[in-house]
Amino acid sequence: CLSFPATGESAVAQLLDEEAPKVCQQIWDWLPLELKAIHGQFSGAEVFVLLDQPKQLPSEQMVQLPLPGEILYFFDPGGSVSSGKQASAEICVVYDRGVTLRGPEGVPIHASLFARIPGDWKHDWIPFANACRRVRWEGPQLLRIERVEE
């Protein structure tokens, strides 16, 4: 479950265990997380949380053109011209169309697609998408990511 505790908007995502088993397992092991969601500067309609302990994971289900509702894991080992000096890792949530994953200076990047919010993004999870959009206009917002047992 992804939620904005201050305002209550939430969405439940489904892990893509068969498509990205190792990434899913690592994300599952890290939960619960509560970090500030930041709006992407280069990619478009996505918010992300920076993880405290970045870890390189297997390249599973790599995408560059994610769809609304898709949740991705991105790792950058750092040290390149277009990245920072330190390794970094993000969980990204795509909330609208037109996203092309890009890093600093517009460098194309790929990330592991490991979860998806089911349903129609134009109807089923509008409040959550609007909360993500609010991060763009109002600045970082606390995002909680936690397990929901079925």
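What you see is a predicted model, and the numbers here were worked out from it, not measured in a lab. (Residues numbered from 1 in each chain as written. Predicted model: local features only at pLDDT ≥ 70, side-chain atom pairs only at ≥ 80, totals over all residues. Heavy atoms only, no water.)

**Q** Any chance you could break down the side chain of S3 for me, citing the residues and the numbers?
**A** Take S3: it is sitting in strand β1 (residues 2-3). Given a relative accessible area of 9%, S3 falls into the buried group. Excluding anything up to four places from it in sequence, S3 contacts E9, S10, F128, L142, L143, R144 and E146. (Helix = DSSP H or I, 4+ residues; strand = E, 2+ residues; numbered from the N terminus. Buried < 20%, exposed > 50% of the residue type's maximum accessible area, 1.4 Å probe, protein only. Contact = heavy atoms within 4.5 Å.)

**Q** How would you sum up the pattern of salt bridges? Please name residues and give values.
**A** All chains considered together, the criterion is met by 5 salt bridges. With its nearest N and O atoms 2.6 Å apart, the salt bridge here joins R144 to E34. Of this pair, R144 sits in strand β10 (residues 141-145) while E34 is found in strand β4 (residues 33-39), placing the two residues 110 residues apart along the sequence. Across the pair D96 and R133 runs a salt bridge, and its minimum N-O distance is 3.2 Å. One end of the pair, D96, is in the loop between β8 (88-94) and β9 (111-116); the other, R133, is in helix α2 (residues 126-138), and 37 residues separate them in sequence. A relative accessible area of 27% places R133 in the partly exposed class. It is possible to trace a salt-bridge network through shared partners that takes in E9, R134 and E138. (Salt bridge = Lys/Arg side-chain N within 4 Å of Asp/Glu carboxyl O.)

**Q** Could you give an account of the pairing of β10, naming the residues involved and the relevant values?
**A** Because side chains alternate across β10, one face comprises the buried residues Q141, L143 and I145, and the other comprises L142 and R144, none of which is buried. Looking at chain direction, β1 and β10 are connected through 2 bridges and run antiparallel. What sits directly across from L2, in β10, is I145. Of the pairings in the sheet, the one linking β4 to β10 comprises 5 bridges and is antiparallel in character. Bridged to L35 within β10 is L143. (Pairing = 2+ DSSP bridges.)

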